[in-house]
Amino acid sequence: MHDNLHPPFPLPELPTADSPLTELFPEFVQSWIAELDHDAADIIARRDAESLFRLGHTIKGSFQQFGLPDHATVGRQLMTFSEQQNWNAAGDYVNALLQMLRSLQQSLDHSP
């Protein structure tokens, strides 16, 4: 596991066929794309440190639960950026995470 990932974020390995997360993984990816598309840009535009901290905390836990510990560090970084009010870095990380999730969605769409 990396202490901190830096953009661009690598694609994670997909859950194995025997993993209980296999069926849930596409929905996980879709819901995070929607969440980041809808809420993250607004949070950053409003410079809402409390909401960014909560978003980072949720990413940290959610990605950890889905077996993506390296990407969970992005959530920790967003929490730090909220405390520092580093809006440019937060935007860069959110955009990079969104780009990674969209690429992952394409991989899922083309997998058997």
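Residues numbered from 1 in each chain as written. Predicted model: local features only at pLDDT ≥ 70, side-chain atom pairs only at ≥ 80, totals over all residues. Heavy atoms only, no water.

Caption draft 1: Representation of the overall build of the chain. The number of helices and strands found in the chain is four helices and zero strands. Order of helices (α) and strands (β) in the chain, N terminus to C terminus: α-α-α-α. Since a compact globule built from 112 residues should have a radius of gyration of about 13 Å, the 14 Å found for the chain is in line with a globular shape. Oriented by its inertia axes, the alpha-carbon framework of the chain measures out at about 40 × 25 × 20 Å. Here the chain, with 112 residues, has 42% of them falling under the buried criterion. Partitioning the contacts of the chain with sequence separation of at least 6, the portion at a separation of at least 24 is 70%. Of the accessible surface of the chain, which amounts to about 6,500 Å², a share of 49% is contributed by carbon and sulfur atoms. (Helix = DSSP H or I, 4+ residues; strand = E, 2+ residues; numbered from the N terminus. Rg over C-alpha atoms; globule rule 2.2 N^0.38 Å. Buried < 20%, exposed > 50% of the residue type's maximum accessible area, 1.4 Å probe, protein only. Contact = heavy atoms within 4.5 Å. Areas by Shrake-Rupley, 256 points an atom, 1.4 Å probe, with all protein chains shown as cover.)

Caption draft 2: Structural view of the pattern of salt bridges. One pass over the structure, following the stated rule, counts four salt bridges. In this structure, R46 engages D42 in a salt bridge whose closest nitrogen and oxygen atoms are separated by 2.9 Å. Highlighted residues: R46 and D42, both in helix α1 (residues 25-46), separated by four residues, approximately one helical turn. Among the residues examined, D42 registers a relative accessible area of 38% and is labelled partly exposed. The salt bridge partner of R46 is D48, with a shortest N-O separation of 2.9 Å. (Salt bridge = Lys/Arg side-chain N within 4 Å of Asp/Glu carboxyl O.)

Caption draft 3: Quick look at the packing of helix α2 (residues 49-65) against helix α3 (residues 69-84). One can describe the packing of α2 onto α3 by two numbers: an axis separation of 7 Å at closest approach and a directional angle of 165°. Here α2 lies roughly antiparallel to α3, going by the angle between them. Relative to α3, α2 is oriented so that their crossing is left-handed. Seen from α2, the contacting residues are A49, L52, F53, G56, H57, I59, K60, F63 and Q64; seen from α3, they are P69, H71, A72, G75, R76, L78, M79, F81, S82 and E83. Classifying every residue of the contact of α2 with α3 gives ten nonpolar, six polar and three charged. (Axes fitted to C-alpha atoms, helices over the stretch in contact; angles between N-to-C directions. Parallel < 35°, antiparallel > 145°, perpendicular 65-115°, else oblique. Left-handed = near helix turned anticlockwise from the far one by under 90°. Nonpolar A, V, L, I, M, F, W, Y, C, P; charged D, E, K, R; others polar.)

Caption draft 4: Representation of the environment of R76 within the structure. Assignment of secondary structure puts R76 in helix α3. On the basis of relative accessible area, R76 is assigned to the partly exposed category, the value being 30%. For the pair formed by R76 and G61, sequence separation is 15 residues and the distance between their alpha carbons is 9.5 Å.

Caption draft 5: How the structure looks around the layout of surface pockets. Estimates place the volume of the largest pocket at around 200 Å³. Lining the largest pocket are 16 residues, with P12, E13, G67, L68 and P69 sitting closest to its centre. Top element by residues in the lining of the largest pocket is α3. It accounts for three residues. When grouped by side-chain class, the residues that make up the lining of the largest pocket number nine nonpolar, five polar and two charged. (1 Å grid on protein atoms, 1.4 Å probe; cavity = no way out; pocket = protein on both sides within 12 Å on 5 of 7 lines; lining within 4 Å. Points joined across faces, edges and corners; volume = space filled by probe spheres on them.)

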